[in-house]
Amino acid sequence: MFALREDAPTVSILGVNVYTFGLYVAVGLALGLLLLIFLVKKYKGKPGTTPLTGALAMGCGFVLSRLFFGFMDESLGQTMPLWAMLRVNTGGYSMMGALIGASIGAVISAKLSRQSSARLLDYLAPCLLLFAACERMGEGCVEEFGVSRFLSDELFKGSFLVKETDFGLRLNTYMIESAVMLILSILLFLDISGKRKAGDTFIKFLLLFGGAQILLESLRYDQHMTIKAYVKLQQVMAMMLLGAGVIMLAVRGWKQHRKLAIASLAFIPLCVGAGVGIEFMIDRTAVSHYLLYAAFLIVVGVQVALGLKLRKETAEA
């Protein structure tokens, strides 16, 4: 049995000590699986779909989460050596790796059970974000994790969203991320319909989650998944998810909605360029952070809006 780290918060469950953060993750997995059971049953998926999908999604999600962190994170000055990756009880995981891995697991499940991969991904989308909502809340149990830069003013002082330290105020970004993930999960759950084109809900997941996570990763300042203490890899991956959703929709609507498709594709490099520029300005200029984040929100919002518009125009009943 793995020995628990002494510096990590733990809780006793039926006499067994477990990581508090791990408990939040376990609750998120359980809720996600329950929602998947409900959706598969409601839309008459094949018998055995949920256990197969659940097992493959959790397995692939766990492996990719660990590998993404091990090969990409350089917050300690170097990537994790291979021998250390096997010590899974020491921590070090990537949310993006977990979600991408789980999606790959669902695709494998669909292939094995001879079902529509796109349809199964639709069912999985709100489950992933329900899991993410719980995991983000668990980050509050880890010291110096899921928090922002030191705030330059006291506008939010006294709020539950702020953590007061000896050096200043920091925003509890894990709370904001958890609330956003829960809201997006509900939106995706309500979006699922047997009449909707297979894969549309998952594409909406790419647009909404990708767009939201670009901004949320910017707020975080815990050095998780970074290179050279600046480049936030999960923010880069969020940009890629948003871009992937837009590209898929543009390809689908190229013939009937070419102008909208071109506008959506053309805005991708503009969105990325503006995002990178604003990120540099946040740490390197005296411009108000509120103004910069407002501009960031508008830029990302336009890209998401173009994608949602294209999705609506190309939807098939």
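**Student:** It is not clear to me how the packing of aromatic side chains should be interpreted in this structure. Could you clarify?
**Tutor:** Between two aromatic rings, the relevant description is the distance of the centres plus the angle of the planes. Tallied over the full model, the rule gives five aromatic pairs. Centroid distance Phe-202 to Phe-205: 5.3 Å. Interplanar angle 35°. Geometry classified as tilted. Taken together, the residues span about one helical turn, with Phe-202 and Phe-205 both in helix 7 (residues 200–219) at a distance of three residues. Each member of the pair, Phe-202 as well as Phe-205, carries the same accessibility label: buried. Ring-pair connections join several aromatic residues into one group, and the members of that group are Phe-202, Phe-205 and Phe-209. Of note, Arg-170 hangs over the ring of Phe-150, and the distance from its end group to the ring centre comes to 4.7 Å. Positioned over the ring face of Phe-145 is Arg-220, at 5.0 Å from the centre of the ring.

**Student:** I'm lost on the pattern of salt bridges in this one. Help?
**Tutor:** Any two side chains of opposite charge can pair if their charged atoms end up close together. Per the counting criterion, the structure on display carries twelve salt bridges. Glu-135 is paired through a salt bridge with Arg-136; the nearest N and O atoms lie 3.6 Å apart. The same class applies to Glu-135 and to Arg-136, which are both buried. Where Glu-217 meets Arg-136, a salt bridge forms, and the shortest distance between an N and an O atom there is 3.9 Å. Linking Glu-217 in helix 7 with Arg-136 in helix 5 (residues 117–138), this pair joins segments that are 81 residues apart in sequence. What makes Glu-217 buried here is its relative accessible area of 4%. A single network of salt bridges, built from pairs that share partners, joins Glu-135, Arg-136, Glu-139, Glu-177, Glu-217, Arg-220 and Asp-222.

**Student:** Could you clarify how one ought to interpret the environment of Gly-91 in this entry?
**Tutor:** Residue position: Gly-91 is located in the loop between helix 3 (82–85) and helix 4 (95–113). Owing to a relative accessible area of 27%, Gly-91 belongs among the partly exposed residues under this scheme. The spatial distance from the C-alpha of Gly-91 to the C-alpha of Leu-129 is 21 Å, given a sequence separation of 38 residues.

**Student:** What should I look at first to understand the pairing of strand 1 (residues 10–13) in this one?
**Tutor:** When a strand is regular, its side chains alternate between the sheet's two faces. Bridging between strand 1 and strand 2 (residues 16–19) involves four bridges; their strand directions are antiparallel. Looking across to strand 2, one finds that Thr-10 is bridged to Tyr-19. Hairpin connection from strand 1 to strand 2: two residues lie between these consecutive antiparallel strands, with Leu-14 at a positive phi of about 55°.

**Student:** Would you take a moment to explain the pairing of strand 3 (residues 162–165) for this structure?
**Tutor:** The pairing of strand 3 with strand 4 (residues 168–171) spans four bridges and is classified as antiparallel. Counted as the bridge partner of Thr-165 is Gly-168 from strand 4. Joining the antiparallel neighbours strand 3 and strand 4 is a turn of two residues.

**Student:** Explain the side chain of Lys-204 here, please?
**Tutor:** Relative to the helices and strands, Lys-204 resides in helix 7. At a separation of 3.5 Å, a polar atom in the side chain of Lys-204 contacts the side chain of Asp-191. Discounting chain neighbours no more than four positions away, the residues touching Lys-204 are Leu-188, Asp-191, Phe-209, Leu-308 and Arg-311.

**Student:** Mind showing me how you'd approach the nonpolar core here?
**Tutor:** Side chains of a nonpolar character, in soluble globular proteins, are inclined to be buried together. With 70 residues, the main nonpolar core has Met-181, Phe-205, Phe-209 and Val-300 as its most contacted residues. Setting aside residues up to four positions removed in sequence, Met-181 forms contacts with Leu-129, Ala-132, Ala-133, Phe-209, Gln-213 and Leu-216.

**Student:** When you look at the layout of surface pockets in this model, what are you seeing that I'm missing?
**Tutor:** Here the idea is plain: a probe the size of a water molecule rolls over the atoms and shows the empty space left. Taken as a whole, the second largest pocket spans an internal volume of roughly 560 Å³. As for the second largest pocket, its lining consists of 20 residues, of which Leu-171, Leu-219, His-289, Tyr-290 and Tyr-293 are closest to the centre. Elements represented by at least two residues in the lining of the second largest pocket include exactly helix 7 and helix 10 (289–314). The leading source of residues in the lining of the second largest pocket is helix 10, at five residues. Looking at the lining of the second largest pocket residue by residue, the class counts come to 14 nonpolar, four polar and two charged.

What counts and how
- Residues numbered from 1 in each chain as written.
- Predicted model: local features only at pLDDT ≥ 70, side-chain atom pairs only at ≥ 80, totals over all residues.
- Heavy atoms only, no water.
- Phe/Tyr/Trp six-rings, centres within 6.5 Å; stacked < 30°, edge-to-face > 60°.
- Helix = DSSP H or I, 4+ residues; strand = E, 2+ residues; numbered from the N terminus.
- Buried < 20%, exposed > 50% of the residue type's maximum accessible area, 1.4 Å probe, protein only.
- Lys NZ or Arg CZ within 6 Å of the ring centre and 35° of its normal.
- Salt bridge = Lys/Arg side-chain N within 4 Å of Asp/Glu carboxyl O.
- Pairing = 2+ DSSP bridges.
- Polar contact = N/O pair within 3.5 Å; in protein donor to acceptor, adjacent residues only side chain to side chain.
- Contact = heavy atoms within 4.5 Å.
- Core = buried A, V, L, I, M, F, W, Y, C linked by side-chain atoms within 4.5 Å.
- 1 Å grid on protein atoms, 1.4 Å probe; cavity = no way out; pocket = protein on both sides within 12 Å on 5 of 7 lines; lining within 4 Å.
- Points joined across faces, edges and corners; volume = space filled by probe spheres on them.
- Nonpolar A, V, L, I, M, F, W, Y, C, P; charged D, E, K, R; others polar.

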